[in-house]
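Reading the structure
Listed below, chain by chain, are the residues.
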Amino acid sequence: MVEKYAVLPCNGLDKCAGVISREIALRLCGEAGHEIICPVFSRIAEVKYRKIISEHPLFVIDGCPTRCASKLAVEKNFKISNKITVTEEAKKSGIELNDTLQLREKEQALIGIILNDLMNTGNKVTQTIEETGVSCHFDYETFQKGKFLFRVPVNKEIFFNENDCWAYVSGNRARIGVTDFVQQNLSDILFFTPPEMGAEIDQFGEAGEIESSKSVFELITPVSGKVIAVNEALIQKPELINENPYELGWIADLELTAFENDKELLIGFDKYFEIMKRKVNDLNG
Amino acid sequence: MSETTFMGVEREKIDWKPVIDYAKCNFCMECAKFCPHRVFEIRENEEIKLIVKNPFNCVVFCRACSKTCGPDALSFPDKNETSQMIREIRKEAENNG
Ligand code: SF4
Ligand code: SF4
């Protein structure tokens with residue numbers, strides 16, 4: 001965390017995670033010179049914060065998955081450039097949060113861990129992305145429902161699961177992403193959380209998240225493997241997923257670990273196209 | 001509207017659904033509002049105001065509604081165990097067919 005951020009915390013004062021969000025925000029601003037955005041005041045007088053928001057990237061601290069702070073940012077048209085969710089950080093650190101609104105030892109420990117992580121990320125060597133040599137330009141079959149267009153790439157090396165995610169397999173590697181069904185249902189994608197570099201993910205495990213004002217979608221990977229690259233362009237421009245989730249909107253590259261086995265539970269273009277059409281019709285009546 | 005099969009396996013043979021922890025749930029109904037598959041049912045006049053009514057409508061491996069749940073009251077089966085189970089059922093069907 002080297003830049004100066006505008007920090008928007010959740011500030012839910014009736015929940016432990018909210019109280020922790022608030023404390024983290026106060027300390028980031030007090031100790032590291034970031035600028036605070038009060039969620040309560042910005043709701044009625046955002047003018048006060050417009051200058052800060054326009055000059056600094058926005059860091060959002062949600063307390064829990066209700067995501068009030070993120071939703072506020074979306075509502076006010078603030079572009080989120082980084083964020084965390086306290087309850088998720090607690091899970092990662094193996095700390096169980098109670099109903100207490102007091103910051104006792106456990107809560108302080110979590111605050112310490114989160115602040116430490118945040119302050120030190122600027123010192124980490126930036127990961128270089130391996131050039132994987134997977135190039136993506138596909139031919140598509142499309143169908144239209146109302147004003148929505150759904151594309152599915154026609155390619156023998158592209159496999160799908162019934163959870164609307166694809167894998168483009170090339171040698172012992174695969175590029176993964178979501179289909180138009182996901183992208184159209186979420187509508188404008190505002191935030192991308194990549195899977196961790198080097199993580200080993202099982203088939204149907206989660207490989208990153210994308211988020212719109214409507215909801216959060218966890219990418220369910222069609223193939224198991226180790227994450228060797230993530231699409232960093234999406235961190236600044238998550239809307240690339242809306243433009244084309246199969247090409248510039250890809251999510252990650254994996255080194256395959258059990259493809260022969262994974263293949264049993266995957267489908268190709270023909271089946272997926274049928275399934276997607278049925279789902280679109282079911283959802284839209 | 002429910003899928004009848006998932007990966008070629010009868011949906012009703014796959015145990016995949018949200019489980020509500022009523023000790024944590026505050027009946028905010030975010031999950032029910034969110035899920036388009038009518039898995040949940042809201043019961044305004046009952047003490048337990050929310051139940052999992054149509055477990056087989058739940059999309060296997062989806063956990064999306066849990067992301068809307070503030071108090072973390074929704075849990076799901078283990079994904080590895082579930083995919084293992086699907087493989088086994090498929091093998092059995094192959095052997096029998
Ligand atoms: S997991 Fe998905 S399909 Fe199942 S109840 Fe939740 S939102 Fe609905
Ligand atoms: S979102 Fe969570 S707390 Fe709200 S009704 Fe559903 S299970 Fe209960």
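Residues numbered from 1 in each chain as written. Chains lettered and ligands numbered in written order. Predicted model: local features only at pLDDT ≥ 70, side-chain atom pairs only at ≥ 80, totals over all residues. Heavy atoms only, no water.

**A few points about the site of ligand 1**
Put simply, the rule is: We define proximity as follows: a residue is near a molecule or strand when any one of its heavy atoms falls within 4 Å of that partner. Each residue is assigned to one class: nonpolar for Ala, Val, Leu, Ile, Met, Phe, Trp, Tyr, Cys and Pro, charged for Asp, Glu, Lys and Arg, and polar for all the others, Gly among them.
If you check the shell around ligand 1, you find 13 residues, and the closest are B:C35, B:C58, B:V59, B:C62 and B:C65. Here the shell around ligand 1 is composed, by residue class, of 11 nonpolar, one polar and one charged.

**Regarding the sheet that holds strand β2 (residues 35-36) of chain A**
Adjacent strands of a sheet pair through backbone hydrogen bonds, lying either parallel or antiparallel. Residues and elements named next belong to chain A. As a reminder, the rule being used: At least two DSSP bridges between two strands are needed for those strands to be called paired. Counting from the N terminus, the helices are the DSSP runs of H or I reaching at least four residues and the strands are the DSSP runs of E reaching at least two.
With parallel pairing, four strands are arranged side by side in an open sheet as β2-β1-β3-β4. On the outer flanks of this sheet lie β2 and β4 (80-85), each paired with one strand and no other. Where strand β1 (residues 6-9) lies against strand β3 (residues 58-62), four bridges are found, and the strand directions are parallel. Looking at β3, one finds that P9 is bridged to I61.

**A word on the domain arrangement of chain A**
Residues and elements named next belong to chain A. Threshold: An automatic or database domain assignment supplies the start and end points of every domain. Residue contacts follow a heavy-atom distance rule, with two residues in contact if any of their heavy atoms lie within 4.5 Å. When two parts are brought into contact, each loses some accessible area as probed by a 1.4 Å sphere; the total of that loss over both is the buried area. Any Lys or Arg side-chain nitrogen found within 4 Å of a carboxyl oxygen on Asp or Glu counts as a salt bridge. Here a polar contact is recorded for every N or O atom pair within 3.5 Å, except that within protein the pair must consist of a potential hydrogen donor and a potential acceptor, and residues adjacent in sequence are included only if both atoms are side-chain atoms.
If you check the domain split of chain A, you get domain 1 (6-123) and domain 2 (131-283). Each of domain 1 and domain 2 was reduced to a C-alpha centroid, and the two centroids are 30 Å apart. With eight residues of domain 1 in contact, the opposing surface of domain 2 contributes 10 residues. Both faces combined, the contact of domain 1 with domain 2 buries some 720 Å², and carbon together with sulfur accounts for 51% of it. For the pair domain 1 and domain 2, the number of links is two salt bridges. Between K83 and E211 there is a salt bridge, with the nearest N and O atoms lying 2.8 Å from each other. Inspection of the domain 1/domain 2 interface yields three residue pairs in polar contact (both at pLDDT 80 or more).

**Observations regarding the nonpolar core**
Selection rule: Only buried residues count toward a nonpolar core, which is a set of Ala, Val, Leu, Ile, Met, Phe, Trp, Tyr and Cys residues joined through side-chain atoms within 4.5 Å. Remark: exposure states derive from per-residue accessible area (1.4 Å probe, protein chains only) relative to the maximum for the residue type, with buried under 20%, exposed over 50%, and partly exposed in between.
Counting 73 residues, the largest nonpolar core has A:I210, A:V223, B:F40 and B:I86 as the members making the most contacts within it. Ranked by the residues each element gives to this core, the list is headed by helix α11 (residues 269-284) of chain A, at six residues. Ignoring any residue separated from it by four or fewer positions in sequence, one finds A:I210 in contact with A:V178, A:V182, A:L186, A:I189, A:F191, A:F192, A:S215, A:V216, A:F217, A:I241 and A:I251.

**Observations regarding the environment of A:E46**
On the secondary structure map, A:E46 appears in the loop between α2 (39-44) and α3 (47-55). Separated by 67 residues in the primary sequence, A:E46 and A:I113 place their C-alpha atoms 31 Å from one another.

**Observations regarding the side chain of B:K79**
Inspection of the secondary structure puts B:K79 in helix α2 (residues 79-96). In this structure B:K79 comes out as buried when scored by relative accessible area, which is 9%. Not counting chain neighbours up to four residues away, the residues in contact with B:K79 comprise A:F204, A:G205, A:E206, A:I220, B:W16, B:F61 and B:R63.

**What about the pairing of strand β6 (residues 148-153) of chain A?**
Residues and elements named next belong to chain A. Where strand β5 (residues 140-145) and β6 come together, six bridges link them in antiparallel fashion. Within β6, the residue paired with F143 across the bridge is F150. Following β5, the chain reverses through two residues before pairing antiparallel with β6; G146 in that reversal takes a positive phi of roughly 60°.

**Concerning the side chain of A:Q184**
Residues and elements named next belong to chain A. Locating Q184 in the fold gives a position in helix α7 (residues 180-186). Since its relative accessible area comes to 18%, Q184 is described here as buried. A distance of 2.7 Å separates a polar side-chain atom of Q184 from the backbone oxygen of L149. With near-sequence residues (within four places) excluded, Q184 lies in contact with F148, L149 and F150.

**Considerations on the sheet that holds strand β9 (residues 173-178) of chain A**
Residues and elements named next belong to chain A. The strand order across the open sheet built from six strands is β7-β8-β9-β15-β14-β11, with neighbouring strands paired in antiparallel fashion. The open sheet terminates on both sides in strands that have one partner only, identified here as β7 (158-160) and β11 (200-201). Of the pairings in the sheet, the one linking β7 to strand β8 (residues 165-170) comprises three bridges and is antiparallel in character. Each residue of the ladder has a partner; that of F160, found in β8, is W166.

**Remarks on the interface of chain A and chain B**
With 26 residues of chain A in contact, the opposing surface of chain B contributes 24 residues. Where chain A abuts chain B, roughly 2,200 Å² becomes buried across the two surfaces, and 49% of that area is made up of carbon and sulfur atoms. Among the residues chain A hides against chain B, the three largest losses belong to A:E162, A:F204 and A:L265. Together they make up 26% of the total. Our count for the contact surface shared by chain A and chain B stands at seven salt bridges. The partner of B:R87 in a salt bridge is A:E264, with the nearest N and O atoms 3.6 Å apart. Linking chain A with chain B are 12 residue pairs in polar contact (both at pLDDT 80 or more).

**A word on the packing of aromatic side chains**
As a reminder, the rule being used: Ring geometry is summarised as follows: Phe, Tyr and Trp rings, the Trp one being its six-membered ring, pair when their centres sit within 6.5 Å, and such pairs are stacked at plane angles under 30 degrees, edge-to-face over 60 and tilted between the two. Definition used: whenever NZ (Lys) or CZ (Arg) falls within 6 Å of the ring centre and also within 35 degrees of the ring normal, the charge is taken to sit over that ring.
Enumeration according to the criterion identifies 15 aromatic pairs over all chains in this entry. With a centroid separation of 4.6 Å and an interplanar angle of 5°, the aromatic rings of A:F160 and A:Y272 are classed as stacked. You can see A:F160 sitting in strand β7 and its partner A:Y272 sitting in helix α11, a full 112 residues away along the chain. A:Y272 shares its class with A:F160; the two are buried. Taken together, the aromatic side chains of A:F204, B:F6, B:W16, B:F61 and B:F76 make up a single cluster linked through ring pairs. The ring of A:F191 has A:K83 lying over it, and the distance from NZ or CZ to the ring centre is 5.2 Å.

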